[in-house]
Amino acid sequence: MNPKIGVYICHCGTNIAATVDVEEVVDFISKQPNVTVARNYLFMCSQPGQDMIQRDIEKWKLDRVVVAACSPQMHELTFRRACEEGGLNRYLFQMANIREHCSWIHDDRAQATEKARAIVNAAVRRVAWQEPLEVSHVKINPHTMVVGGGIAGIHAALEIAESGNHVYLVEKESTIGGHMAQFDKTFPTLDCAACILTPKMVSVGHRKNIHLLTLSEVEKVKGFVGNFTVTVRTKARYVNDKCTVCGACVKACPVEVPSWFDEMQGKRTAIYKAFPQAVPNIFVIDKEEIPPCIEACPIRQEAAGYVALIRDKKFKEAAQLIRLRNPLPEVCGRVCYHPCETECNRGYVDQPLAIQHLKRFALDWARKNKVEIKPPKIEKREEKVAIIGSGPAGLACAHDLAVKGYQVSVFERHSTLGGMLALGIPAYRLPRNLLNEEIEYLEKLGIAFRTNVSLGKTTNLEQLKRQGYKAVFLAIGAYSGVSLGVKGEDSNGVYYGVGFLRRVNLGIRTPLGKKVAVIGGGNTALDAARTALRLGAERVAILYRRTRAEMPASPLEIEDAEAEGVAIHYLIAPTKITRTSPVSLQMTCVNMELGEPDASGRRRPIPVPGSEHNLEFDNIIVAISQRPEMEVLSDQNGKPLFAITPWGTLQVDQDSLVTNLEGVFAGGDVVLGPSTVIASMGLGRRAAESIDKFLNRQPLVNFKTHMPKPIVPRGETFRPHRYSPMYKDLPRQKRIEMRKLDPDKRAKDFSEVELGFSVEEALQEASRCLNCGVCVECLECVKVCDPGAIEHDMSDSVQEIQVGQMLLATGFDLFDAQVMSQYGHGKLDNVLSSLEFERMLSATGGTGGKILCQNGKPPRAIAIIHCVGSRDENHHKYCSRVCCMYSLKYAHLVKDRTQAEVYQFYIDMRAYGKGFEEFYKRVLHEGSNIIRGKVAEVVESGWSNKEEGHLIVRCEDTLIGKFREIPVDMVILCNALEPRQDAARMRQLFSISLSPDGFFLERHPKLDPTATMTDGVFIAGCCQGPKDIPDTVAQAASAAARILAFIQKAEVELDPIVAQVQEELCSGCRMCNSVCPYLAISFDEEKKVSVINQALCKGCGTCVATCPANAIIGKGFTNQQIFSEIEGVLV
Amino acid sequence: MKYLYYPGCSLESQAKAYDLSLRAVFKLLGEELLEIQDWNCCGATAYMSVKETVAFSISARNLAIAESMGGEVVAPCSSCFTILNKTNRYLKEEPALRSLVNQALQSGGLEYKGGVVIRHPLDVLVNDVGVEVIKMHTQRDLAGLKIAPYYGCQLVRPERGFDDREFPTTMDDLFSELGGKIVYFPVKVRCCGGMLMSTFNEVGLKLTKEILECAQENQADVIVTTCPMCHFNLEAYQKQINRKFGTNFQTPIWYFTQLLGWTLGASDEELGLKYNFINLPKEKLGRALEAV
């Protein structure tokens, strides 16, 4: 083919021509094949230059054009358009860079010219192979997303919304306003920041087409310009829009943490509004995470809540909070195995909080002070539910169902109610009068109790059905003692632990001799041993086959037993029991040693050969484990009615607790095996929800009742919440120990052993709580909220939003001056960062706008230090632009509000903007001392730290050439403005770049400061670089204008320099799919070929190089084009 | 760990006490100190500004010898410590300089590859040996002796070293563990004036006076230091300072190894106490621990 190429060499003024002999290059290139015309001109990009090209295209019928000039980054688009207007397809143009690649980097004229010749020749050879390409268009979604609700985001959102288009304003804090809302007055006009900002904030809140999403962050961005799909996560606010901002909740909240809005100088409660003029004007609850004590509880009791209330001396409220969610609070306060304490984060500091004892304290107090806790109002329903078993599982289920309004009947086979609470746990741990009070409360809820009714004997499932019970909950416990499996076990005088305790608790005469052995190491064994003592046994010994470390009983129980005189023998087990006389038993025992771990993870006991020996006892109590009684779970012929697990427990569905029989649910020990009170209650609660769904004919899925999730252990370098010191830095405090009855005296009867906390003990112990996660769910706010706006069980929501363009206006972070330890920030009193001082100046700050030192007195002299972290080789090399001006502002305000002397320490005074110089002069006239010199250090005055001194600023005054030590009362630092901490993550999300100093990179620093290299993504404000409010607003408006222009055009051009799969060559290997950095390649399952999305493709060429079949072509970068370019350079 | 001892010129002369007490401390703790063979001047002189490459070569000769011996260099004098570290860093970071210096070293049959680490004895004693081990060897308790620990400016700056550059605490922690009471001493990293005592005497005297003044106001019994230059300035000019400023300083100045060695039970000779101008009365020094 014979292309007709026009070649134009640009002088670019002297930029190129000074180093490259352009005439020579023209001369050379005009002699090359296919070059129809070759010219040179001073400025090809100018009007005459472009006209020249267009005239030549017409005159010489050129079908290819080469311009040798600057970088394609600068003017490729310019010349492409020029060619297009001249009638030539714009992709038949090639740019040769002989400026950045040649004249600007070389000095030697001869060599530079030779290089320029090669570059131009290469372009000429290449352009011959270029093909015309057509630009494609995509539609633009007219919705826009603005990320960041500071002044930039607010202004841009308002400008865009003015056109009637929709804007999504996404802000990660609970209010918009950004850093500007923290300022007092702004330079140089001394406008009050709130006065100019809040009306805009209100507008944002009111406009129907601005969708304000606070507490929200962008999680994922997919798509391309005009068609983005953004995933936004909105954190739960826990307060809905019924809030009238009355503030009653703030008064009721017991937790206080530093306020981020006040730069950690002030405090605010867990439920709060960042500042009075916040938009949206609704409170928010700071719940970083659910406190571990609440998470660990099977019935989700708000442990942290009632501990906080006790700490605040609100004992009545604490008792009410406990009773709200716990149907057996008195029981739990005494016998629960407290998983809350096991997970209590205080354990990382010293010891976990005594949550159980505090619970008991609150209830004891309420009882003593006759606090009446009324049952809630219940709307009755007609369905009847039968609960078999009045233990903790049955009672919890009964409670929850009764509160929902169902007609609940509890059937108990014994004459006493309470299950293991009455028949297992001894009275010295759980006084019976308290258990009776619990049952009385449940009766007030309308629950009917029927004793001496036994499933399988006096009633059965059929009968219950006929009597109209629509659902049954089986909570029959695990009352069958597991046998040892040794000969003689069935001798007279041998009891099983559960059976023994049941007899004693029912008042049945239980003959017991003086010497009693208890086999086992669990709580049942301990209870049996201590009960035996109280029944008159003189020598009680526990024999356990492993060591103390493996004993499942609670360590405190073991200690109490030993204090009472129970002897515990380890690594010993019986092999045979023989009756030697009417009153004594001989137990043959062997010693054990520990071998490899077994299935439970504990080391397996192995008998030591030859260690058999005999021991004499009057009675033996076997308490090694319990199982549910199989007879109850079987029919008359002994066939099991239900599915049974290999461990002998009842099989149920894990989530719904339903058995294999419809309408029959089960929970408690019958399902778990010998477990704990609270775990059984948890299942009872879940069963109630499940039965409720069943009776309403709903599917048994999506349960809301809490099941504790495993809690990941943390280390001592974690912290309870972000405002708290690390666990390792918190001061140590001892846990208050529970006082008990004297061990010598107490084993005589069944009086309660633990005495309970006194008020002082309770207050002291409660003060150790760390308020993990900030909000402790004490629910006081709910109580005082008239409109009922508080929803503690709100959860985060995630939504996908379709937008056409996005604007990032995420602002800046302040440099942490503690890094420059010579200035004493964080160590010395009265050294403040700029934002901390702004908060002090603000009327909504801690001092109401007064300038005061820590000791409450006004300062006599203030130092303002410029460039803290800016213009610094060790930190940020750039200038933060606003500090000189706001320092002058501070100087003025200090002079205005105090009598203090002002000293400013500067390097250069930058007062470049409109009105800035005037302001500078005014402040100088007011009499500030302006010293040119970098401050070396800020130290405390005086050598001895006994006197309350002031600060000394040590610096060099370079204009008078002297070293100075200036006494001041307060030092204000001008911290640098830095990129946000998460700038790197943000830039990845939005596929943009960062400048070397970490701010977002603009497309062109002069000509396009608010666009990025990524089409459809714009930036504005300090996230692009430090700037003041006027410049920020200007950038926001500029970005908004650009966005609106695209919305107006409704479509955008797509560059056709993209990759394309030649389907007939594609083998379907899909290697290209995974290498594309823009995720533009997918696989067509029907055609079995890879497909490239031309809109997402950026033409990087990775897939072209990857394809093993050479099936992908890079349009505009074909092999022929590239090879001919290389040839052109070498020839 | 083999410790290669680089005394430096002042420890052979004016700071003899530092040398003696350092050796005594290491011996009492059972740590071996092997003196670098045929060591020469570290280069902490004005010659660095006159003929830089030559100065670096002279300094690097010590490092080359140390490298061939194998081990970590222990340099007690703050200036030697700073300059040897500076030489080390420059040679590591500038290959052009390194090749020139190695050419010079070659003529002495030496080569420096860049593998030497230079430590200060305070760092070695507190961080390698450890306070727990030191306490196991103590024979005497400081019994509340009021100490002002003076680090001077070259110990923790400019290199990022073993302690904070503005608020170091290594000596504070060491001596409080040994029973001393550390007084409030905010000037602990202020410059004593260094060479300025000779060249700009007024400036030097003023700087030293401030350090002495702070110690005196906080009722320190003794100022403890890690640098021969600081020791000299603080001790030898007290009379001159008293005359010029009307003060009445009589503050004993000890090397930290002297005080540490005393707690380890060393004798007065071993600690070079006779080289201290200003006497610290023995009653103040604390008492012997009961035999365990």
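No experiment lies behind these values; they were computed from the predicted model shown.

**Some details on the overall build of chain B**
Reasoning step 1: A tally of helices and strands in chain B yields 13 helices and ten strands.
Reasoning step 2: Taking 292 residues into account, the globule formula puts the C-alpha radius of gyration at 19 Å, and chain B, at 19 Å, falls close to it.
Reasoning step 3: In terms of overall dimensions, chain B has C-alpha extents of about 55 × 50 × 30 Å along its principal axes.
Reasoning step 4: The long-range fraction of contacts in chain B, counting pairs at least 24 apart against all pairs at least 6 apart in sequence, stands at 77%.

**What about the overall build of chain A?**
Reasoning step 1: Within chain A, the regular secondary structure consists of 34 helices and 50 strands.
Reasoning step 2: A compact globule built from 1131 residues should have a C-alpha radius of gyration of about 32 Å, whereas chain A, at 41 Å, is more than 25% larger.
Reasoning step 3: Its C-alpha atoms give chain A principal-axis dimensions of roughly 130 × 85 × 65 Å.
Reasoning step 4: By residue count, 55% of the 1131 residues in chain A fall in the buried class.

**As for the sheet that holds strand E2 (residues 33-35) of chain B**
Residue and element names in this part refer to chain B.
Reasoning step 1: The strand order across the open sheet built from four strands is E2-E1-E3-E4, with neighbouring strands paired in parallel fashion. Since the sheet does not close on itself, it has two edges, and those belong to E2 and strand E4 (118-119), each with one partner.
Reasoning step 2: Here strand E1 (residues 3-5) runs beside E2; their pairing, made up of three bridges, is parallel. In the sheet register, Tyr5 faces E2, and the bridge partner there is Glu35.

**Structural notes on helix H19 (residues 497-506) of chain A**
Residues and elements named next belong to chain A.
Reasoning step 1: Taken together, the buried positions of H19 are Gly497, Val498, Phe500, Leu501, Arg502 and Val504.
Reasoning step 2: In this fold, the buried residues of H19 make contact with helix H16 (420-423), strand E21 (480-481), strand E22 (494-496), helix H20 (523-534), strand E30 (619-622) and strand E31 (626-627).
Reasoning step 3: Once H19 ends, the next one or two residues include Gly507, with phi positive near 85 degrees.

**Examining the sheet that holds strand E12 (residues 227-234) of chain A**
Residues and elements named next belong to chain A.
Reasoning step 1: Spatially, the three strands line up as an open sheet ordered E11-E12-E33, and their pairing is antiparallel. Of all strands in the sheet, those with a lone pairing partner are strand E11 (216-224) and strand E33 (797-803), marking the two edges. Here the strands of the sheet are splayed against their neighbours by 20 degrees on average, with no regard to which way each runs.
Reasoning step 2: Two elements, E12 and E33, share seven bridges in a ladder whose sense is antiparallel. Across the sheet, Phe228 pairs through a bridge with Val803, a residue of E33.

**Some remarks on the pairing of E12(A)**
Walk down a regular strand and you will see the side chains alternate between the two sheet faces.
Residues and elements named next belong to chain A.
Reasoning step 1: Buried residues dominate E12, accounting for six of its eight residues.
Reasoning step 2: Bridge count for E11 against E12 is eight bridges, and the pairing is antiparallel. When the sheet's bridge partners are listed, Lys220 is paired in E12 with Thr231.
Reasoning step 3: In textbook terms, the turn of a hairpin is the stretch between consecutive antiparallel strands, and for E11 and E12 this stretch comprises two residues, one of which, Gly226, has a positive phi near 90 degrees.

**Points about the interface of chain B and chain A**
Reasoning step 1: Taken residue by residue, the interface counts 13 residues in chain B and eleven residues in chain A.
Reasoning step 2: For the pair chain B and chain A, the interface holds one salt bridge.
Reasoning step 3: Between the two partners, chain B and chain A, sit two residue pairs in polar contact (both at pLDDT 80 or more).
Reasoning step 4: A per-class count over the side of chain B that touches chain A returns five nonpolar, two polar and six charged.

**Some remarks on the nonpolar core**
Reasoning step 1: A:Leu807, A:Phe837, A:Ile851, A:Ile862 and A:Met970 are the most contacted members of the largest nonpolar core, which has 74 residues in total.
Reasoning step 2: No other element matches helix H28 (residues 883-897) of chain A, which puts nine residues into this core.
Reasoning step 3: Excluding residues within four positions of it along the chain, A:Phe837 makes contact with A:Leu832, A:Ile851, A:Tyr890, A:Val894, A:Met970 and A:Ile972.
Reasoning step 4: Ranked by size, the runner-up nonpolar core spans 73 residues in total, among them B:Phe26, B:Leu29, B:Ala66 and B:Cys80.

**Notes on the side chain of A:Arg360**
All names here are of chain A.
Reasoning step 1: Within the secondary structure layout, Arg360 lies in helix H14 (residues 355-368).
Reasoning step 2: Among the polar contacts listed, one links the side chain of Arg360 to the backbone oxygen of Glu754, at a separation of 3.1 Å.
Reasoning step 3: The residues touching Arg360, leaving out its near neighbours within four places in the chain, are Gly333, Arg334, Glu752, Glu754, Leu755 and Gly756.

**Re a nonpolar patch on the surface**
All names here are of chain A.
Reasoning step 1: Together, Phe1117, Ile1122, Phe1123, Ile1126, Val1129 and Leu1130 line one region of the surface with nonpolar side chains, adding up to about 600 Å² of accessible area.
Reasoning step 2: Inspection of the secondary structure assignment puts Ile1126 in helix H34 (residues 1119-1130).
Reasoning step 3: For Ile1126, a relative accessible area of 41% gives the class partly exposed.

**Comments concerning helix H7 (residues 170-177) of chain B**
Reasoning step 1: Residues of H7(B) that are buried include every one of B:Thr170, B:Met171, B:Asp172, B:Leu174 and B:Phe175, and no others.
Reasoning step 2: Of the surrounding secondary structure, the elements contacted by the buried residues of H7(B) are helix H6 (121-137), strand E6 (146-150), strand E7 (181-182), strand E8 (222-225) and helix H12 (256-263) of chain B.

**Regarding the pattern of salt bridges**
Reasoning step 1: Within the structure shown, the criterion is met by 86 salt bridges over all chains.
Reasoning step 2: Residue A:Lys745 is joined to A:Asp742 by a salt bridge in which the shortest nitrogen-to-oxygen separation is 3.1 Å.
Reasoning step 3: Judged by relative accessible area, A:Lys745 falls into the exposed class, the value being 60%.
Reasoning step 4: When its relative accessible area of 34% is taken as the criterion, A:Asp742 is described as partly exposed.
Reasoning step 5: In this structure, the salt-bridge partner of B:Glu177 is B:Lys135, at a minimum N-O distance of 2.6 Å.

**Considering the packing of helix H10 (residues 303-311) of chain A against H14(A)**
Geometrically, a packed helix pair is captured by the angle between its two axes and the distance between the axes.
All names here are of chain A.
Reasoning step 1: Put simply, H10 and H14 touch, their axes get as near as 10 Å, and they point 60 degrees apart. Taken together, the axis directions place H10 and H14 in an arrangement best described as oblique. Regarding H10 and H14, the two cross each other, and that crossing is left-handed. On H14, the residues that touch Ala303, Tyr306, Val307 and Ile310 of H10 are Ile355, Leu358, Lys359, Phe361 and Ala362.
Reasoning step 2: Taken together, the residues of the contact of H10 with H14 sort by class into eight nonpolar, no polar and one charged.

**Overview of the confidence of the model for chain B**
Reasoning step 1: Per-residue pLDDT for chain B averages 92, and the proportion of residues at 70 or more is 99%.
Reasoning step 2: With pTM at 0.85, the complex prediction returns an ipTM value of 0.86.

**Thoughts on empty space enclosed by the protein**
Residue and element names in this part refer to chain A.
Reasoning step 1: Under the criterion given, the structure shown has ten cavities of 30 Å³ or more.
Reasoning step 2: A volume near 140 Å³ is recorded for the largest cavity.
Reasoning step 3: Taken together, 15 residues form the lining of the largest cavity, with Cys297, Tyr306, Cys336, Cys340 and Lys359 sitting closest to its centre.
Reasoning step 4: Of all the elements in the fold, those that place two or more residues in the lining of the largest cavity are H10, helix H13 (339-343) and H14.

Reading the values: the criteria
- Residues numbered from 1 in each chain as written.
- Chains lettered and ligands numbered in written order.
- Predicted model: local features only at pLDDT ≥ 70, side-chain atom pairs only at ≥ 80, totals over all residues.
- Heavy atoms only, no water.
- Helix = DSSP H or I, 4+ residues; strand = E, 2+ residues; numbered from the N terminus.
- Rg over C-alpha atoms; globule rule 2.2 N^0.38 Å.
- Contact = heavy atoms within 4.5 Å.
- Buried < 20%, exposed > 50% of the residue type's maximum accessible area, 1.4 Å probe, protein only.
- Pairing = 2+ DSSP bridges.
- Axes fitted to C-alpha atoms, helices over the stretch in contact; angles between N-to-C directions.
- Salt bridge = Lys/Arg side-chain N within 4 Å of Asp/Glu carboxyl O.
- Polar contact = N/O pair within 3.5 Å; in protein donor to acceptor, adjacent residues only side chain to side chain.
- Nonpolar A, V, L, I, M, F, W, Y, C, P; charged D, E, K, R; others polar.
- Core = buried A, V, L, I, M, F, W, Y, C linked by side-chain atoms within 4.5 Å.
- Patch = residues over 30% accessible without salt bridge, like charges linked within 9 Å, V, L, I, M, F, W, Y side chains within 5 Å.
- Areas by Shrake-Rupley, 256 points an atom, 1.4 Å probe, with all protein chains shown as cover.
- Parallel < 35°, antiparallel > 145°, perpendicular 65-115°, else oblique.
- Left-handed = near helix turned anticlockwise from the far one by under 90°.
- pLDDT = per-residue confidence, 0-100.
- 1 Å grid on protein atoms, 1.4 Å probe; cavity = no way out; pocket = protein on both sides within 12 Å on 5 of 7 lines; lining within 4 Å.
- Points joined across faces, edges and corners; volume = space filled by probe spheres on them.

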